[in-house]
Amino acid sequence: LWNPRSGRLDGKSREAVDVNAKIDKMLLNINSAYDNLLKRNVNFSAQSIKELMQGSVECQVTLMDMMNRLYADMEKRIGIDRVAGSLVHYKQARTTLSKFIESKFKTKDVAFGQLTNQFISDYYEYLITDCGFMSNSTRKHLAILKKACRLAYKEGYADRLFFANYTLPKMQVGTPRTITPENFKKIQSLEIPKDKESLMLSRDLLLFSCYTGAAYVDAVSVTRDNLVTDEEGRLWLKYNRHKTKALAQVKLLPEAINLIEKYKIMHKVMELTDEYREKPSK
């Protein structure tokens, strides 16, 4: 029944109609794959069309592959045109997305060919309900996911641009809250167990910021080089503000000096402990 001129089966038999319909569908998929590659304005071959049409495993880059790629790219830019805080967002977004995929699909990763428009809606609900993220945190996670999908499409790993028309939640701008004197005293006097070192450090950084007026990003950057003693023996904190680069000079209160001494002693104890551990046991 095959007709080499038309590339179809002759006749109106059930077999001919069925086979010709499959051939038409295959040609449609080939043309669709060709058009997708053409729109990307990249070099491609007949093999590229075949792999895209058939969803070849060899040419698939998974969603988590692309998230890892974004994280690695961001890591290289730290200190150049990005700050370390940006890397934290990408790390958290990567971890959260991985947990969502495992919860939703019972697998550790998905290919872009498996994504649907429902995916981002389900992920949004997961961020709000399961993770308990507020609007701004949710927005950051969705923005990074959308960036990964856009990069995958641009480089030919996805046959369409997912979530292109998806509008991210609006950034919520709230009024900063102040600490009342009563609450400040509670934070000062709070007894924190010695095994909760990270919690103690967070509390002390907050107190140090209050005593000096330094922003968090400046407080965590303080080193011995920022401590200066004047002619009268008073200790000053001098640094360039991270945001404006303006020079800040603050005469340290006794409470701030006590915190510096506290961690100087702790650091010395840690050095002695490390030295003791390195000595061979007798």
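Residues numbered from 1 in each chain as written. Predicted model: local features only at pLDDT ≥ 70, side-chain atom pairs only at ≥ 80, totals over all residues. Heavy atoms only, no water.

Participant: Could you give an account of the nonpolar core, with specific residues and numbers?
Facilitator: By size, the foremost hydrophobic cluster in this structure holds 33 residues, and its most contacted members are Leu63, Leu97, Phe112, Phe119 and Leu145. Listed by contribution, the elements that provide at least two residues to this core are α3 (63-77), α4 (84-105), α5 (117-130) and α6 (135-154). If near-sequence neighbours (up to four positions away) are discounted, Phe119 is found in contact with Leu63, Leu97, Phe100, Ile101, Phe105, Leu145 and Phe163. If you look at the next biggest cluster of nonpolar residues, it comprises 14 residues, including Phe184, Leu207, Tyr211 and Leu252. (Core = buried A, V, L, I, M, F, W, Y, C linked by side-chain atoms within 4.5 Å. Buried < 20%, exposed > 50% of the residue type's maximum accessible area, 1.4 Å probe, protein only. Helix = DSSP H or I, 4+ residues; strand = E, 2+ residues; numbered from the N terminus. Contact = heavy atoms within 4.5 Å.)

Participant: Which residues make up the packing of α3 against α6, and what are the values?
Facilitator: Between α3 and α6, whose axes approach to 9 Å, the crossing angle comes to 105 degrees. The angle between α3 and α6 places the two elements in the roughly perpendicular class. Note on element contacts: α6 touches α3 through Ile144, Leu145, Lys147, Ala148, Leu151 and Ala152, opposite Leu63, Met66, Met67, Arg69 and Leu70. Each residue belonging to the contact of α3 with α6 can be placed in one class, and the counts come to 9 nonpolar, no polar and 2 charged. (Axes fitted to C-alpha atoms, helices over the stretch in contact; angles between N-to-C directions. Parallel < 35°, antiparallel > 145°, perpendicular 65-115°, else oblique. Nonpolar A, V, L, I, M, F, W, Y, C, P; charged D, E, K, R; others polar.)

Participant: Can you explain helix α8 (residues 197-212)? Please cite residues and give values.
Facilitator: In this model α8 runs 22 Å from its N-terminal to its C-terminal C-alpha over 16 residues, within 8% of the 22 Å that 1.5 Å per residue would give. Every buried residue of α8 is listed here: Met200, Arg203, Asp204, Leu205, Leu207, Phe208, Ser209, Tyr211 and Thr212. Two residues or fewer after α8 comes Gly213, characterised by a positive phi angle close to 80 degrees. (Expected span 1.5 Å × (residues − 1).)

Participant: How would you summarise the confidence of the model for the protein if you had to cite specific residues and measurements?
Facilitator: For the protein, the mean per-residue pLDDT works out to 84, and 90% of the residues sit at or above 70. Looking over the protein, one finds the lowest element-wise mean pLDDT in helix α10 (residues 254-278), namely 68, and the highest in strand β2 (residues 8-9), namely 94. (pLDDT = per-residue confidence, 0-100.)

Participant: So what's going on with the packing of aromatic side chains? Residues and values would help.
Facilitator: One pass over the structure, following the stated rule, counts 7 aromatic pairs. Seen in terms of ring centroids, Phe184 and Tyr211 are 6.0 Å apart; in terms of plane orientation they differ by 90 degrees. Their pairing is edge-to-face. Pair noted here: Phe184 is in helix α7 (residues 181-189) and Tyr211 is in helix α8, with a separation of 27 residues, a long-range link. Relative accessible area serves as the criterion here: at 14%, Tyr211 is assigned to the buried category. An aromatic cluster of at least three residues, connected via ring pairs, comprises Phe100, Phe105, Phe119, Tyr123 and Tyr126. Its end group placed over the ring of Tyr71, Arg94 keeps NZ or CZ at 4.0 Å from the ring centre. (Phe/Tyr/Trp six-rings, centres within 6.5 Å; stacked < 30°, edge-to-face > 60°. Lys NZ or Arg CZ within 6 Å of the ring centre and 35° of its normal.)

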